[in-house]
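# A look at the structure
The residues making up each chain are set out below.
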Amino acid sequence: PERREFLDVNGIEVIYNHVILVLKGVSLRVAEGSIVALLGANGAGKTTTLRAVSNLLQAERGAVTKGSISLRGERIENLSPAALVERGVIQVMEGRHCFAHLSIEENLMTGAYTRRDGRAAVAQTLEKVYTYFPRLKTRRSSQAAYTSGGEQQMCAIGRALMANPRMVLLDEPSMGLAPQIVEEVFEIVKDLNTKEGVTFLLAEQNTRMALRYAHEGYILESGRVVMDGPVESLRENEDVKEFYLGMG
Ligand code: ATP
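This is a predicted model, so every value here is computed, not measured. Along each chain, residue indices are assigned from 1 in the same order as the chain's sequence is written. Where totals are concerned, whole chains, interfaces and linings use all residues; where local detail is concerned, this predicted model gives features only for residues with pLDDT of at least 70, and gives and counts side-chain atom pairs only at 80 or more. To get the side-chain values, take all heavy atoms of the structure and skip hydrogens and water.

With 49 residues, the main nonpolar core has Leu 108, Phe 133, Leu 136, Leu 170 and Phe 200 as its most contacted residues. Under the DSSP-based scheme used, a helix requires at least four consecutive residues in state H or I and a strand at least two consecutive residues in state E, with every element numbered from the N terminus. Top contributing element to this core by residue count: helix 7 (residues 179-196), with 7 residues. Should any heavy atoms of two residues lie within 4.5 Å, those residues are counted as being in contact. Once residues lying within four places of it in the same chain are set aside, the contact partners of Leu 136 are Ile 104, Leu 108, Val 129, Tyr 130, Glu 151, Met 154 and Cys 155. Counting residues in each nonpolar core, the second largest holds 31 residues, with Ile 12, Ile 69, Leu 84 and Met 167 among its members. Think of a nonpolar core as a cluster: buried Ala, Val, Leu, Ile, Met, Phe, Trp, Tyr and Cys residues, connected wherever their side-chain atoms sit within 4.5 Å. Each residue is placed in one exposure class: buried if its accessible area under a 1.4 Å probe, protein chains only, is under 20% of its type's maximum, exposed if it is over 50%, and partly exposed if it falls in between.

Here it is, written out as structure tokens:
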């Protein structure tokens, strides 16, 4: 089916501390209800691209200095991260960032702080999160610090879901996780996408896994998109095979 365009990043440049040019004109599109993967080596600019969209750049003295970012036609590059959350865009940061001293359930509940639709609705979302992440339900009372890396990644995604997002920006979900757990996390992402219609823009160094689960991919090198397209075509591309899938 034809998908409606959701996010349109158009020729953005990002500068840190007024001088370091990190993104050199990145353009990408995310259709509503799709999973789009940002691929590339360490330092290519994946995280910066996500932070430009959610505008968490401000916190690091970074800024979009050229180009535009639109969400359903509305320009958003100057909106605060909180205003983005209100529009249904939530970022899950790299490294998971659970509150170590809080229980899993308390962590999840912190994701609902912007909700204005009442406790019953929030409780319903919590139950829904538990149906997608049964492991979190089992561990609901455990302090996050004592849960596994995989459970913490699930907790970070679950917390984002508590805000009822339309789009989740997911930074390196596979980082530091055993292959089997990575697969489990990606399966849940796929389920959330197909059953709940959540749109995902995810940064991944695990090209193989990302190309298995995403619909579209963008490959970044030194702050530029060097290749993009449906994952089927990227998987067949000789350069991708050689440099990103280690099949050279
Ligand atoms: P990673 O896998 O490490 O997250 P990445 O592809 O996401 O890699 P970015 O984190 O976006 O890459 O970094 C892109 C470039 O910007 C790197 O060269 C990095 O050193 C630089 N950079 C990132 N954050 C800052 C900052 N706060 N100030 C200055 N330079 C930065």
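Strand pairing is assigned whenever DSSP identifies at least 2 bridges connecting the two strands. Direction of pairing for strand 3 (residues 35-39) relative to strand 9 (residues 216-221): parallel, over a ladder of 4 bridges. Paired with Val 36 across the two strands is Glu 216, which belongs to strand 9. The pairing of strand 9 with strand 10 (residues 224-230) spans 6 bridges and is antiparallel. Bridge pairing in strand 10 places Ile 219 opposite Met 227. Hairpin connection of strand 9 to strand 10: 2 residues between the antiparallel strands, including Ser 222 at a positive phi of 45°.

What follows deals with the sheet that holds strand 8 (residues 199-204). One open sheet holds the 6 strands; their spatial order is 6-7-8-3-9-10, and the pairing between them is mixed. Single-partner strands in this sheet number two, and they are strand 6 (89-92) and strand 10. Strand after strand, the sheet turns through a mean of 15° between neighbouring axes, direction not considered. Helix 7 contacts strand 3, strand 7 (167-171) and strand 8 of the sheet and is inclined by roughly 155° relative to strand 8. Orientation is described by axes fitted as lines to C-alpha atoms, over the contacting stretch for helices, and by angles from 0 to 180 degrees between their N-to-C directions.

Surveying the vicinity of the ligand reveals 15 residues, the closest of which are Asn 42, Gly 43, Gly 45, Thr 47 and Thr 48. In this structure, an oxygen atom belonging to the ligand sits 3.0 Å away from a main-chain N or O atom of Ala 44. Between a nitrogen atom of the ligand and a side-chain N or O atom of Glu 60, the distance comes to 2.8 Å. Contact with the protein chains hides 68% of the accessible area of the ligand, taken as 630 Å² for the molecule alone. Contributions of two or more residues to the shell around the ligand are made by strand 2 (20-31) and helix 1 (46-54). Among the elements that take part in the shell around the ligand, helix 1 stands out by supplying 3 residues, more than any other. Note that Gly is not counted as nonpolar here; it falls among the polar residues with everything else outside the nonpolar set of Ala, Val, Leu, Ile, Met, Phe, Trp, Tyr, Cys and Pro and the charged set of Asp, Glu, Lys and Arg. Of the residues contributing to the shell around the ligand, the split by class is 5 nonpolar, 6 polar and 4 charged. For this description, a residue counts as near a given molecule or strand if any of its non-hydrogen atoms is within 4 Å of it. We define a polar contact as two N or O atoms separated by no more than 3.5 Å, with the added condition that, inside protein, one atom must be a possible hydrogen donor and the other a possible acceptor, whereas residues neighbouring each other in sequence contribute only through side-chain atom pairs. Note on areas: Shrake-Rupley with a 1.4 Å probe; residue coverage comes only from the protein chains shown.

Where helix 6 (residues 149-161) meets helix 7, the axes come as close as 10 Å, and the angle between the chain directions of the two elements is 15°. Taken together, the axes of helix 6 and helix 7 lie roughly parallel to each other. Crossing hand, helix 6 versus helix 7: right-handed. Touching Gly 150, Gln 153, Met 154, Ile 157 and Leu 161 of helix 6 are Ile 181, Glu 184, Val 185 and Leu 192, all from helix 7. Residues belonging to the contact of helix 6 with helix 7 are distributed by class as follows: 6 nonpolar, 2 polar and 1 charged. Oblique is the label for any angle not under 35 degrees, not over 145, and not in the 65 to 115 range, which are roughly parallel, roughly antiparallel and roughly perpendicular in turn. By convention, the crossing between two helices is left-handed when the near helix turns anticlockwise from the far helix through less than a right angle, and right-handed when the turn is clockwise.

Quick look at the pattern of salt bridges now. We count a salt bridge whenever a side-chain nitrogen from Lys or Arg sits within 4 Å of a carboxyl oxygen from Asp or Glu. For the structure on display, the rule yields 18 salt bridges. The residue Asp 117 makes a salt bridge to Arg 115 at a minimum N-O spacing of 2.9 Å. Judged by its relative accessible area of 14%, Arg 115 falls in the buried class. Between Arg 139 and Glu 151 there is a salt bridge, and its shortest N-O distance comes to 3.2 Å. Residue Arg 139 is found in the loop between helix 5 (134-138) and helix 6, and its partner Glu 151 is found in helix 6; the two are separated by 12 residues along the sequence. Connected through shared salt-bridge partners, Arg 135, Arg 139, Glu 151 and Glu 184 make up one network.

The sheet built from 4 strands is open, its strands ordered 2-1-4-5 with antiparallel pairing. Each end of this open sheet is capped by a strand with a single partner; those strands are strand 2 and strand 5 (74-75). Note: strand 1 (residues 5-16) against strand 2, 9 bridges, orientation antiparallel. Paired with Ile 15 across the strands is Leu 21, a residue of strand 2. Running at roughly 110° to strand 1, helix 1 makes contact with strand 1, strand 2 and strand 4 (62-71) of the sheet.

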